[in-house]
Amino acid sequence: MTLTSLMRTASAGALLAATILVSTSGAHAQAAGGNGGWFVPKAAHPDAPAPRPVQRRVPVSVPEEENDSAPVEQQQAPPVLPLPPIPAPPTIAKASPPPAAVIGVINVQAVMQISSAWQEIQQVLGARRDRLAQAVQREEAAWRGEQQKLQAQARTLTSDQIQLRERHLQERRAKDQHDFGNQARLIQEAAQVAMHQIERELEEPNGIIAAVAAAHNMNLILHAEQVVLHVGGQDITEEVGTQLNKTLPHVFIPDDGVDPEQLARSGKMPTTADEQRQAQGPQQEPPAAAPNESVLRQHH
């Protein structure tokens, strides 16, 4: 490795802060993919994720003359495939009709804005993300300062001395990426632990949404974003938010620096693995016996 190679890696330094900040800002994203079914309200994240770049495809126009002159025989026709016979379905005896739908609507984003527990998550984990971002910026500035110092002293150092200093800078860069990435993971997993408490309180079979719906004899709850028109009496958003604050005014958030995965292995409290086993029920249970998918998660 030479001084030139070190200068080439300088551009990678600018990526460190961006990488860590992006990873920490997705504290719920994730919550969102790769989150094992963890529920995050669509628009209630502490920090909105960075917009994804839009890939634009430039349409390729075919000249009309060439298109019109193409022979019909050259156009690809759908293949002719076998059509095996299928059995006729049996006659199914008539059963009792389902009960008439009594519909309610809920705005999950508005519930989160009402929730004191959600505000607590934003405040506590937002402060941790800010501290991490500041630490990344300080280390980035210090690393660049060492790099510039090496460049200024290059003429007075031997080749072996330059290579040694370069190696130390590279090792420092790798350690920074590991340490900051691990801190970002702790924040993200702490957010998952906290948010999952709100999810469970709202959507479990005996949760707040079910209780509020039962109080109004509602048997079908839809997301407000999916409904074009409804009357005021059908909206249970405010009532759910009020009950959530009474039942769950605060959530457990792992302390700063505590690894949630280590906490799960300590056996001090139930884990998501226990929850999954309970949801699956006894082994070899028919899939139809599994609990219905979360009405909240269906929205996401």
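In this text the structure is predicted, and so the values were computed from the model without any measurement.

Participant: Looking at this structure, how should I read the environment of Asn219?
Facilitator: Inspection of the secondary structure assignment puts Asn219 in the loop between α6 (208-215) and β3 (220-223). Taking the C-alpha atoms as reference points, Asn219 and Ala101, separated by 118 residues in sequence, lie 6.3 Å from one another. Excluding residues that lie within four positions of it along the chain, Asn219 makes contacts with Pro99, Ala100, Ala101 and Val102. At 3.0 Å, the side chain of Asn219 forms a polar contact with the backbone oxygen of Ala100.

Participant: So what exactly am I meant to see when it comes to unusual backbone geometry here?
Facilitator: A negative phi angle is the norm for most residues apart from glycine, just as the trans form is the norm for most peptide bonds. We note that Asn217 has phi near 60 degrees; this positive angle belongs to a residue other than glycine. Judged by its relative accessible area of 61%, Asn217 is exposed.

Participant: Just checking my understanding: could you explain the pattern of salt bridges for this structure?
Facilitator: For side chains bearing opposite charge, pairing can occur when the charged atoms are close. Per the stated rule, a full pass over the model turns up 11 salt bridges. Between Lys149 and Glu146 there is a salt bridge, with the nearest N and O atoms lying 3.7 Å from each other. Of this pair, Lys149 and Glu146 are both found in helix α4 (residues 116-153), 3 residues apart, which corresponds to roughly one turn of the helix. Note on Lys149: relative accessible area 39%, which makes it partly exposed. Take Glu146: its relative accessible area is 29%, and that puts it in the partly exposed class. A salt bridge links Asp179 to Lys175; the nearest nitrogen and oxygen atoms lie 2.7 Å apart. Of the two residues, Asp179 and Lys175 are both situated in helix α5 (residues 159-203); the distance of 4 residues between them amounts to about one turn of the helix. With relative accessibility at 28%, the residue Asp179 sits in the partly exposed group. Classification of Lys175 by relative accessible area gives exposed; the value is 52%. Shared partners join several salt bridges into a network, and the residues in it are Arg185, Glu189, Asp259 and Glu261.

The rules behind the values
Residues numbered from 1 in each chain as written. Predicted model: local features only at pLDDT ≥ 70, side-chain atom pairs only at ≥ 80, totals over all residues. Heavy atoms only, no water. Helix = DSSP H or I, 4+ residues; strand = E, 2+ residues; numbered from the N terminus. Contact = heavy atoms within 4.5 Å. Polar contact = N/O pair within 3.5 Å; in protein donor to acceptor, adjacent residues only side chain to side chain. Buried < 20%, exposed > 50% of the residue type's maximum accessible area, 1.4 Å probe, protein only. Salt bridge = Lys/Arg side-chain N within 4 Å of Asp/Glu carboxyl O.

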